[in-house]
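Listed here are the chains, written in short residue letters.
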Amino acid sequence: MAYVLEQVLLKPNDAEYPPQPERAMNLSDLPNARIDAISSGFRILAENEIALRQAAARLHAYSACPLKASPPSIIFAREPVESEPIMRVVVHAPLWTLHGLRKCFQERGARIIATGYNEEDWSLHMLAPISGLLGCYDEVSELHGDTATINMTLSHYTPVETTTLEPRAKAEVMHG
């Protein structure tokens with residue numbers, strides 16, 4: 001879950017510190033934080049603790065007078081983005097089965113990233129959404145028996161709205 005953190009840095013009583021000329025503060029290297037001037041000092045909004053600390057350090061260095069920092073607080077927590085596991089799939093099979101295997105996995109939304117060969121067999125290396133892979137073991141076994149082996153490992157997660165599945169795979173996910 002991602003948070004937005006807030007911290008306020010307060011200026012001391014103005015009578016103790018005469019006004020200082022305005023100085024420009026470079027914030028271009030703080031992309032994950034925003035600093036706003038408020039009547040009593042500064043307000044920092046940051047995406048994470050590191051960005052909050054960097055922005056606070058920048059303000060302390062910038063200010064002509066000491067600043068008193070409030071404790072950081074979480075003011076907004078974003079809901080997690082629904083994500084789908086993307087699997088790294090490696091299929092080892094004889095050459096005569098590759099065309100059918102390639103077609104089978106591409107219909108399931110797989111993207112072939114490499115092919116390889118050793119003395120015994122060929123291999124297809126793919127990335128595929130896990131929802132498109134449901135039932136693939138059975139389908140490959142029906143088509144090619146024991147001649148093909150499939151190894152799957154988690155590669156990464158991707159937001160569901162960016163996962164592209166073929167209509168067949170979408171229907172399988174929706175209807176089990």
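Above this text is the structure in question.
Residues numbered from 1 in each chain as written. Predicted model: local features only at pLDDT ≥ 70, side-chain atom pairs only at ≥ 80, totals over all residues. Heavy atoms only, no water.

Trainee: I'm lost on the nonpolar core in this one. Help?
Mentor: Here is a general trend for soluble globular proteins: nonpolar side chains tend to be buried in one another's company. Counting residues in each nonpolar core, the largest one holds 17 residues, and the members touching the most others are V89, V91, L101 and F105. Put simply, the parts of the chain that give this core at least two residues each are β6 (83-93), α2 (98-107), β8 (122-129) and α4 (136-144). Once residues within four sequence positions are removed from consideration, V91 is found in contact with L101, F105, W122, S123, L124, M126, A148, T149 and I150. Of all hydrophobic cores here, the second largest spans 15 residues; its members include I35, I44, A51 and A56. (Core = buried A, V, L, I, M, F, W, Y, C linked by side-chain atoms within 4.5 Å. Buried < 20%, exposed > 50% of the residue type's maximum accessible area, 1.4 Å probe, protein only. Helix = DSSP H or I, 4+ residues; strand = E, 2+ residues; numbered from the N terminus. Contact = heavy atoms within 4.5 Å.)

Trainee: Help me understand helix α1 (residues 49-62), please; the structure alone is not making it clear to me.
Mentor: Along an α-helix, a turn takes 3.6 residues, which lines up residues three or four apart on a common side. For α1, which comprises 14 residues, the first-to-last C-alpha distance of 20 Å matches the rise-based estimate of 20 Å (1.5 Å per residue) to within 8%. Among all positions of α1, only A51, L52, A55, A56, L59 and Y62 are buried. An end-on view of α1 places all buried positions within 130 degrees of arc, on one side of the element. Facing away from the buried side of α1 by over 90 degrees, the exposed positions are E49, I50, R53 and A61. (Expected span 1.5 Å × (residues − 1). Arc of directions from axis to C-beta.)

Trainee: Can you walk me through the side chain of Q7 in this structure?
Mentor: Checked against the element boundaries, Q7 lands in strand β1 (residues 3-10). From its side chain, Q7 meets the backbone oxygen of S70 in a polar contact 2.8 Å long. In this structure Q7 touches F42, R43, I44, L52, A56, A69, S70 and P72, once residues within four positions along its chain are discounted. (Polar contact = N/O pair within 3.5 Å; in protein donor to acceptor, adjacent residues only side chain to side chain.)

The values reported here are purely geometric and, on their own, carry no functional implication.
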